[in-house]
Amino acid sequence: MLFISTVNGHERMSTRDLLLRIKSAVEAGETDFRIEASGQHDIGGPLWNAQGRTLHFEVSNPGQRVGSMALPGTEIVVRGPAPADVGWLNSGGRITVLGDCGDTTGHCAAAGVIHVAGRAGTRTGSLMKHDPRREPPELWVLGTVSSFAFEFMGGGRAVVCGVDAGGGGGEHPAPSVPLGERPCVGMVGGVVYVRGAVPELPPGVRGLPLDDADLAWLAPGLASFLAAVERPELMKALSRWRDWRKIVPDMHGGDGDGAPGGRDGAMRRFRAHSWPEGGLFGDVLPDSGRVTDLVASGDGRLRAPVWDAEAGPCRECLACVRACPQAALRRRGATGGGAPCVFSVEPARCIGCGICVAVCPQGLWRLVPVPEGAPL
Ligand code: SF4
Ligand code: SF4
């Protein structure tokens, strides 16, 4: 286990230095971290262990974006509260905050699980989405969430237990008002389970009672959530399912406009026919998946030099040969006599830097694009 304290006397470790230290420890095989932070950002993601082992983080006093872009195989426990953007763009991490969370908790989360033992701020859960290639993201909040929560939610599951940290504590807390003003505006996917009164909802979104499928997911998930936030004694009180409702986009008519070609019909058509192939984060353009070095040679080059005998007479100054940092150019003969080219380029050495192009006083070299997979 690596313990990092970020304050030494009057010296505070910068976010950059902390993240670099964590990164090199992960690369050296460390999997357990205890971090006494002092407001450093982005602790816990995106990181992975090369052997697939789980990375554990126990953090106190983090700054913004703890667990942002966290990947599967990352588990983070924050001892106490955490400020804005907890689990921002979470991509598979398990994040537990044993206190309140700031604004935009779970913002844009696409996978993974976020557990909040207290309340969460404004725009919590906004833009959550479900990448079809992964399990839907989960966001569990024991307390309440503030205004504009779940704005433009596109997928995933959120649970707001409405336990009022201000007064309704104990083993039998009464449900408080779980959501702040204007929740679920623009919601087009996913589900929000709330315990307590559901406020007025925007057009195209409605509150419904739970059905058996909801309970089959919610009941075991609630037990695991309460264990994670160290409040198992609340299971009985929070399992009074008549206190719960679910909020879903009205994709199937009902109190939305529902008319063929109307908003609901258009959304149904989009989900049925236009959802990006390969997932929400699928590539917009075809991608071979090929990974090349930062400075590539051979067919990994973006560009390659060609020598153009037609562009003018070669002075045979050899500036191009001497300037090439890769010793990739060879002179093969003299110009004249109809020879098509007097230089050859060794593709395995050439990195397409264009220096030969720049130094040639006659402008006889050009750089041309190398299509992916082009022969050497
Ligand atoms: S592009 Fe750069 S590496 Fe390639 S031959 Fe020219 S100078 Fe050498
Ligand atoms: S730098 Fe240009 S002119 Fe000089 S040898 Fe190379 S191709 Fe010929």
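Residues numbered from 1 in each chain as written. Chains lettered and ligands numbered in written order. Predicted model: local features only at pLDDT ≥ 70, side-chain atom pairs only at ≥ 80, totals over all residues.

What follows covers the overall build of the chain. For the chain, the helix and strand inventory stands at six helices and 17 strands. When burial is assessed residue by residue, the chain has 38% of its 376 residues classed as buried. Sequence separation of at least 24 residues holds for 52% of the intrachain contacts in the chain that already meet a minimum separation of 6. (Helix = DSSP H or I, 4+ residues; strand = E, 2+ residues; numbered from the N terminus. Buried ≥ 20, exposed ≤ 12 C-beta atoms within 10 Å, placed from the backbone. Contact = placed C-beta atoms within 7 Å.)

Time to look at the sheet that holds strand S4 (residues 32-36). The strands making up a sheet associate through hydrogen bonds between their backbones, and the pairing can be parallel or antiparallel. Across the sheet, which stays open at both edges, the eleven strands sit in the order S1-S4-S5-S6-S7-S8-S9-S10-S11-S13-S12 with mixed pairing between neighbours. Edge strands, defined here as strands with exactly one partner in the open sheet, are strand S1 (2-5) and strand S12 (205-208). Direction aside, the axes of adjacent strands within the sheet are offset by 15° on average. The pairing of strand S11 (residues 189-195) with strand S13 (residues 244-249) spans four bridges and is classified as antiparallel. By the bridge assignment, Tyr193 is partnered in S13 with Lys246. (Pairing = 2+ DSSP bridges. Axes fitted to C-alpha atoms, helices over the stretch in contact; angles between N-to-C directions.)

A separate point is the site of ligand 1. The environment of ligand 1 is formed by 13 residues, the closest being Cys324, Cys350, Cys353, Ile355 and Cys356. Of the residues contributing to the shell around ligand 1, the split by class is ten nonpolar, three polar and no charged. (Near = placed C-beta within 6 Å. Nonpolar A, V, L, I, M, F, W, Y, C, P; charged D, E, K, R; others polar.)

Around ligand 2, the neighbouring residues are Cys314, Arg315, Glu316, Cys317, Leu318, Ala319, Cys320, Val359, Cys360, Pro361, Gln362 and Leu364. Considered class by class, the residues forming the shell around ligand 2 number nine nonpolar, one polar and two charged.

A word on helix H1 (residues 15-27). Under the 1.5 Å per step criterion, the end-to-end length of H1 is 18 Å for 13 residues, consistent within 8% with the ideal 18 Å. Gly29 sits one or two positions beyond H1 and adopts a positive phi of about 105°. (Expected span 1.5 Å × (residues − 1).)

For the rest of this paragraph, the subject is the pairing of S13. By the criterion of burial, S13 is predominantly enclosed, with five of the six residues buried. One ladder, built from four bridges, connects S12 with S13; its direction is antiparallel. Bridging across to S13, Val205 finds its partner in Pro249.

Inspection of the secondary structure assignment puts Gly196 in the loop between S11 and S12. Using a count of 21 C-beta atoms within 10 Å as the deciding quantity, one classes Gly196 as buried. A C-alpha to C-alpha distance of 6.4 Å links Gly196 and Gly162, two positions 34 residues apart in sequence.

With that out of the way, let us pick up the pairing of strand S10 (residues 154-160). Among the seven residues in S10, six count as buried, and that is most of the element. Bridge count for strand S9 (residues 138-141) against S10 is four bridges, and the pairing is parallel. From the neighbouring strand, Val141 faces S10, where its bridge partner is Val160.

What follows concerns the nonpolar core. Judged by nonpolar contacts, the single largest core of 67 residues is most densely connected at Val116, Val141, Val160 and Val192. With five residues, helix H2 (residues 212-228) is the largest single contributor of residues to this core. Not counting the four nearest positions on each side in its chain, Val116 is found in contact with Val97, Cys101, Thr105, Trp140, Val141 and Leu142. In this structure, Ala304, Phe343, Cys356 and Leu364 belong to the second largest nonpolar core, which totals 15 residues. (Core = buried A, V, L, I, M, F, W, Y, C linked by C-beta atoms within 7 Å.)

With that out of the way, let us pick up the confidence of the model for the chain. Overall, the prediction assigns the chain a mean pLDDT of 86, with 82% of residues at 70 or greater. Counting interchain partners and residues more than four positions distant, the pLDDT-below-50 stretch residues 253-262 has 17 contacts. (pLDDT = per-residue confidence, 0-100.)

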